[in-house]
Amino acid sequence: MEGQEELQVDLSTENLLEMYWLMVLSRRLDERTWILHRQGKIAFHISAIGHEAAQVGAVMALRRGEDWIAPYYRDLAMMITLGFTPKEFMLGVMGKKGEPNSGGRQMPSHWSLKRMNVISHSSPVGTQASHAAGIGFAIKMRGDDTVVLTSIGEGSTSQGEWYEAVNWAAIHQLPVIFMVENNRYAISVRQEKQMAVDKVADKALGLGLPGVTVDGLDAMAVHGAMSEAAERARSGGGPTIVETMVNRMTPHSSDDDDRSYRPREELEAQKAQDPVHLQRDKLLAAGILTEEAEIELQERAKRKVEQAVEFATEAPYPDISEASYPVYAEDRVDD
Amino acid sequence: MTEMTLIDGLRQGMDEELERDERVFIVGEDVGPRGGVFRATQGLYDKYGEDRVVDSPLAELSIVGIGIGAALYGMRPVCEIQFADFIYPAFNQIVSEAARMCYRSNGDWTVPMVIRAPYGGGIGGGLYHSQSIEAFFAHVPGLKVVVPSTPYHAKGLFKSAVRDPNPVIYLEPKKGYRLIRGEVPDDEEVLVPIGPARISREGDDLTVFAYGMMHHYTLEAAERVAQEGIDAEVVDLMTLKPVDRDTILASVTKTGKALIVHEDNLTVGYGAEIAAILVEEAFAYLDAPVRRLTGPDIPAMPYSHPLQDWFMPDTDRIADAIRELAAY
């Protein structure tokens, strides 16, 4: 149509709208969770605000439910893209009975979702990388047509765990994508105190695999890079490091105050580059999204989030007897 | 029946499990063509190939981390840590990840894997090829810890460990690899359940609890003191976690006296747990204080021969400890 900027992407209109919807849903859910924390209604929140485009773009390049995911704690939008519902998230945030990540055992945003092949992770950072390599190893042994994506912050790529995992995947040409969400802060420590290279992707040079850096505020660019990495992995071409440059638009977590280490001007500049707004503007300019549809979509997200808060607030806490199991596989209760 | 060494029993167990279940694979340093530095996996690479008997990079934490990932995907990894002393880089993976996976995912994810590690001293290994590590891991809910003491049990416990749906730390008394011999049946499947301890020598005067190499020495000591009229019962603990309280309590309820032997350090060692169980649950039956004979509280076993001998409990020392306790 005249006057509209065509998007040069290999994605259908439907996919582009889904992409945007997932980003909005994650953002509204995230913002609402901050409010719950400030109201004293929950103990903890760790945010994905500013990372949504990277996470949604990455997962939409995979076969959801077939491919495997070893995420880290900042991946709310990734989980939403995998079909993790706002209700499920709110159950977890409030520590309610039966929340699917851990049954109320782990802190919020410590993901696990068996039905979507999302493995459980812990709080010591970097431990999930070798699990992803192990899954890749098993995929290769079995000759399956699946890939595994593992994500991590740039600070955690300082862990020896991460290097060992990437090394394994490179030696055996395993179908693993090492996604790095580089927001240049590990709590308060800036990237230059974490590594001497400019880009995490440069670390690939020393480990013998391809490494690419992509604009993580652009969901479609991430989708493109991730599709390429997934295709390489699936066709026996081995692992890739995909570094997505993102902004952490909040403090590290609800327990952090970033004013002591982060200039306010930097944050203001990042707000002008909000990935959700960028996506909206591109879709509006391309005529894929209309102003009316945008209003409807925002309302729908708000409604879903409020329903989730209401649902989780009403939900029961786990019975105290649940705390003592399942320590061993034999203790599991079939439901 | 075939007489064989402890390491032969273990190798047979690995061979049979690799043969039985194609999900089983072995991964570790030098386990491939070299057959392991102790030759535990000798011949398995030739028989099962490089996909099932995998030489890892020199990186212990990822040997375990890779195993965990593969287990989550449905495989049955057997991870070899070349010496127990080298397991600490993998401590985080074992304790934070493997042990807690089932609990933290509310049972959605489990880690069926075996972590094999030769442990213990008396072989000129110095500080870093002699350590006993059982107390660290026996402390952690979610893990199972087993220590075989004969070829039969090496084979049977290993096969059970592979089939167990949980992470199992399988500690191999390396001094006993070729020193401890015994018979293993040829015509029946050898499976030793994880959990129960066994009474390896019945007696009435006192009970000695031991495992691994120390169990071997304890049996020798018990035979020696028997000639002096002391009738010691010997309990081979075999599974350190979960601990077999029933067998421990039943034995001491009968004999009234308990000695615990291990070569690991004394303080907060495994013996402390056995002593605590006895004091808490069998106090009324005790005729003497619970005694422990252990390695000393120094950082690890020295290399120099006389210093090493000073560290290691042996048959003489165990026999002396039995005599003292019997005389109490």
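What you see is a predicted model, and the numbers here were worked out from it, not measured in a lab.

### Overview of the overall build of chain B
Here is step 1: Scanning chain B from terminus to terminus reveals twelve helices and 14 strands.
Here is step 2: Relative to the 2.2 N^0.38 estimate, which gives 20 Å for 328 residues, the radius of gyration of chain B is 19 Å and therefore close to what a compact globule would have.
Here is step 3: Principal axes of the C-alpha set define a box for chain B whose edges measure 60 × 45 × 40 Å.
Here is step 4: Looking at chain B residue by residue over its 328 residues, the buried ones come to 58%.
Here is step 5: Considering only residue pairs separated by 6 or more positions, chain B has 81% of its internal contacts joining residues 24 or more positions apart.

### Some thoughts on the interface of chain A and chain B
Reports of interface size often rely on the accessible area that becomes lost once the parts have come together.
Here is step 1: Of the residues lining the interface, 34 residues belong to chain A; the matching set on chain B comes to 34 residues.
Here is step 2: Top element by residues in the side of chain A that touches chain B is helix α5 (residues 127-142) of chain A. It accounts for eleven residues.
Here is step 3: The residue makeup of the side of chain A that touches chain B, split by class, is 17 nonpolar, eleven polar and six charged.

### With respect to the sheet that holds strand β10 (residues 206-210) of chain B
Residues and elements named next belong to chain B.
Here is step 1: Pairing in this open sheet of five strands is mixed, and the strands run β9-β11-β10-β13-β14 from one edge to the other. Each end of this open sheet is capped by a strand with a single partner; those strands are β9 (198-201) and β14 (291-295). Strand-to-strand twist across the sheet, computed as the mean angle between neighbouring axes with direction ignored, equals 25°.
Here is step 2: In terms of strand pairing, β9 meets strand β11 (residues 232-236) through three bridges, oriented antiparallel. Each bridged residue has a counterpart across the sheet, and for Arg-201 the counterpart in β11 is Val-234.

### Some thoughts on the pairing of strand β2 (residues 24-28) of chain B
All names here are of chain B.
Here is step 1: In terms of residue burial, β2 counts as a mostly covered element, since five of its five residues are buried.
Here is step 2: With burial as the criterion, each face of β2 is covered, one bearing Val-24, Ile-26 and Gly-28 and the other bearing Phe-25 and Val-27.
Here is step 3: Of the strand pairs in this sheet, β2 and strand β4 (residues 76-80) are connected by five bridges, and their pairing is parallel. Considered in β4, the bridge of Val-27 is made with Cys-79.
Here is step 4: Of the strand pairs in this sheet, β2 and strand β3 (residues 53-55) are connected by three bridges, and their pairing is parallel. Bridging across to β3, Ile-26 finds its partner in Val-53.

### Considering the domain arrangement of chain B
All names here are of chain B.
Here is step 1: Examined at the domain level, chain B breaks down into domain 1 (2-184) and domain 2 (198-327).
Here is step 2: A C-alpha centroid distance of 26 Å is found between domain 1 and domain 2.
Here is step 3: At the interface, 26 residues of domain 1 touch 25 residues of domain 2.
Here is step 4: Mapped onto the side of domain 1 that touches domain 2, the elements with two or more residues apiece are α6 (134-138), β6 (144-146), α7 (151-163) and β7 (167-173).

### Focus on the environment of Met-312 of chain B
Residues and elements named next belong to chain B.
Here is step 1: Tracing the chain through its elements places Met-312 in the loop between α11 (305-311) and α12 (315-327).
Here is step 2: Look at Met-312 and you get partly exposed, because 18 C-beta atoms sit within 10 Å.
Here is step 3: The sequence separation of Met-312 and Asp-204 amounts to 108 residues, and the corresponding C-alpha distance is 27 Å.
Here is step 4: The contact partners of Met-312, leaving out residues within four places of it in the chain, are Gly-121, Gly-122 and Glu-263.

### Here's the deal with the sheet that holds strand β1 (residues 68-70) of chain A
Residue and element names in this part refer to chain A.
Here is step 1: Read from one edge to the other, the open sheet built from five strands follows the order β1-β2-β3-β7-β6, with strand pairing classed as parallel. Looking along the sheet, the strands with just one partner apiece sit at the ends: β1 and β6 (211-215). The average angle at which neighbouring strand axes cross in this sheet is 20°, direction not considered.
Here is step 2: Here strand β3 (residues 176-182) pairs with strand β7 (residues 240-245) via six bridges, running parallel. The residue of β7 that forms the bridge with Phe-178 is Ile-241.

### As for the packing of helix α2 (residues 52-60) of chain A against helix α7 (residues 219-234) of chain A
All names here are of chain A.
Here is step 1: At a minimum axis distance of 7 Å, the contact between α2 and α7 shows a crossing angle of 40°. Compared by their axis directions, α2 and α7 come out oblique. The crossing of α2 and α7 is right-handed. Residue-level contacts link Ala-53, Ala-54, Val-56, Gly-57, Ala-58 and Met-60 of α2 to Ala-219, Met-220, Val-222, His-223 and Met-226 of α7.
Here is step 2: Residues that form the contact of α2 with α7 fall into these classes: nine nonpolar, two polar and no charged.

### A word on helix α4 (residues 91-98) of chain B
Here is step 1: Turning to α4 of chain B, its buried residues number three or more, namely Gln-93, Ile-94, Glu-97 and Ala-98 of chain B. Along the axis of α4 of chain B, the buried residues cluster in a sector spanning 110°; they form a single face.

### Description of unusual backbone geometry
Here is step 1: Of note, the amide linkage connecting Tyr-325 of chain A to Pro-326 of chain A takes the cis form, showing an omega dihedral of -5°.
Here is step 2: Unlike most non-glycine residues, Arg-184 of chain A shows phi in positive territory, near 70°.
Here is step 3: The residue Asp-30 of chain B is not glycine, and still its phi comes out positive at about 65°.
Here is step 4: In this structure, Asp-30 of chain B sits in the loop between β2 and α2 (44-48).
Here is step 5: Residue class for Asp-30 of chain B comes out partly exposed when judged on the 16 C-beta atoms lying within 10 Å of it.

### Describing the nonpolar core
Here is step 1: Counting 196 residues, the largest nonpolar core has Ile-177 of chain A together with Ile-322 of chain B as the members making the most contacts within it.
Here is step 2: Here this core spans two domains, and each of domain 1 (2-184) and domain 2 (198-327) of chain B adds at least three residues to it.
Here is step 3: Leave out the neighbours within four places in its chain, and Ile-177 of chain A touches Val-147, Leu-149, Met-226, Ala-229, Ala-230, Ala-233, Pro-239, Thr-240 and Val-242 of chain A.

### What to know about the packing of helix α8 (residues 212-226) of chain B against α12 of chain B
Residue and element names in this part refer to chain B.
Here is step 1: Packing of α8 against α12 leaves a shortest axis separation of 8 Å and a crossing angle of 55°. Between α8 and α12, the crossing angle belongs to the class labelled oblique. Between α8 and α12 lies a crossing of right-handed hand. Within the contact between the two elements, α8 uses Tyr-217, Thr-218, Glu-220, Ala-221, Arg-224 and Val-225 and α12 uses Thr-315, Ile-318, Ala-319, Ile-322 and Arg-323.

### A closer look at the pairing of strand β13 (residues 258-265) of chain B
All names here are of chain B.
Here is step 1: Of all eight residues that make up β13, seven are buried, and the element is covered over most of its length.
Here is step 2: Sheet topology note: the β10/β13 ladder contains three bridges and is parallel. Looking at β13, one finds that Phe-209 is bridged to Ile-260.
Here is step 3: As defined by bridge partners, β13 adjoins β14 across five bridges and the pair is classed as parallel. By the bridge assignment for β14, Val-261 is matched with Leu-293.
Here is step 4: Handedness of the crossover joining β13 and β14 through helix α10 (residues 270-281): right-handed.

### Side note on helix α1 (residues 6-20) of chain B
Here is step 1: Its 15 residues place the ends of α1 of chain B 21 Å apart at the C-alpha level, agreeing with the 21 Å of an ideal helix rising 1.5 Å per residue.
Here is step 2: Within the span of α1 of chain B, buried status applies to Leu-6, Ile-7, Asp-8, Gly-9, Leu-10, Arg-11, Gly-13, Met-14, Glu-17 and Leu-18 of chain B.

### Considering the environment of Arg-245 of chain B
Here is step 1: The residue Arg-245 of chain B is located in helix α9 (residues 245-255) in this model.
Here is step 2: Residue classification places Arg-245 of chain B among the partly exposed residues on the basis of 14 C-beta atoms within 10 Å.

What counts and how
Position numbers for residues count from 1 along each chain, tracking the sequence in the order it is written. Written order decides the labels, with chains lettered from A and ligands numbered from 1. In keeping with the predicted nature of the model, local features appear solely for residues at pLDDT of at least 70, side-chain atom pairs appear and are counted solely at 80 or more, and the whole-chain, interface and lining totals rest on all residues. Only DSSP runs of H or I reaching four residues or more are called helices, and only runs of E reaching two or more are called strands; each is numbered from the N terminus. Both definitions apply: the radius of gyration is a C-alpha atom measure, and the globule rule equals 2.2 Å times residues to the power 0.38. Counting other C-beta atoms within 10 Å of its own, a residue is labelled buried from 20 upward, exposed at 12 or fewer, and partly exposed in the gap between, with every C-beta atom placed from the backbone. Residue pairs qualify as contacts under a 7 Å threshold applied to their C-beta atoms, which are placed from the backbone. When residue character is reported, Ala, Val, Leu, Ile, Met, Phe, Trp, Tyr, Cys and Pro are called nonpolar, Asp, Glu, Lys and Arg charged, and the others, Gly included, polar. Strands qualify as paired when DSSP identifies two bridges or more between them. Axis geometry follows a simple rule: fit a line to the C-alpha atoms, using only the stretch in contact for helices, then measure angles between N-to-C directions, giving values from 0 to 180 degrees. Those domain boundaries reflect an automatic or database domain assignment. For classification, angles of less than 35 degrees are called roughly parallel, those exceeding 145 degrees roughly antiparallel, those between 65 and 115 degrees roughly perpendicular, and all remaining angles oblique. The hand of a helix crossing depends on one turn: near helix anticlockwise from the far one by less than a right angle means left-handed, and clockwise means right-handed. Each direction from the helix axis to a C-beta atom contributes to the arc, which is the arc of those directions. Under the definition applied here, buried Ala, Val, Leu, Ile, Met, Phe, Trp, Tyr and Cys residues are grouped into a nonpolar core through C-beta atoms within 7 Å. Note on handedness: a clockwise path from strand one over the helix to strand two, with the strands aimed away from the viewer, defines a right-handed crossover. To estimate how far a helix should reach, multiply one less than its number of residues by 1.5 Å.

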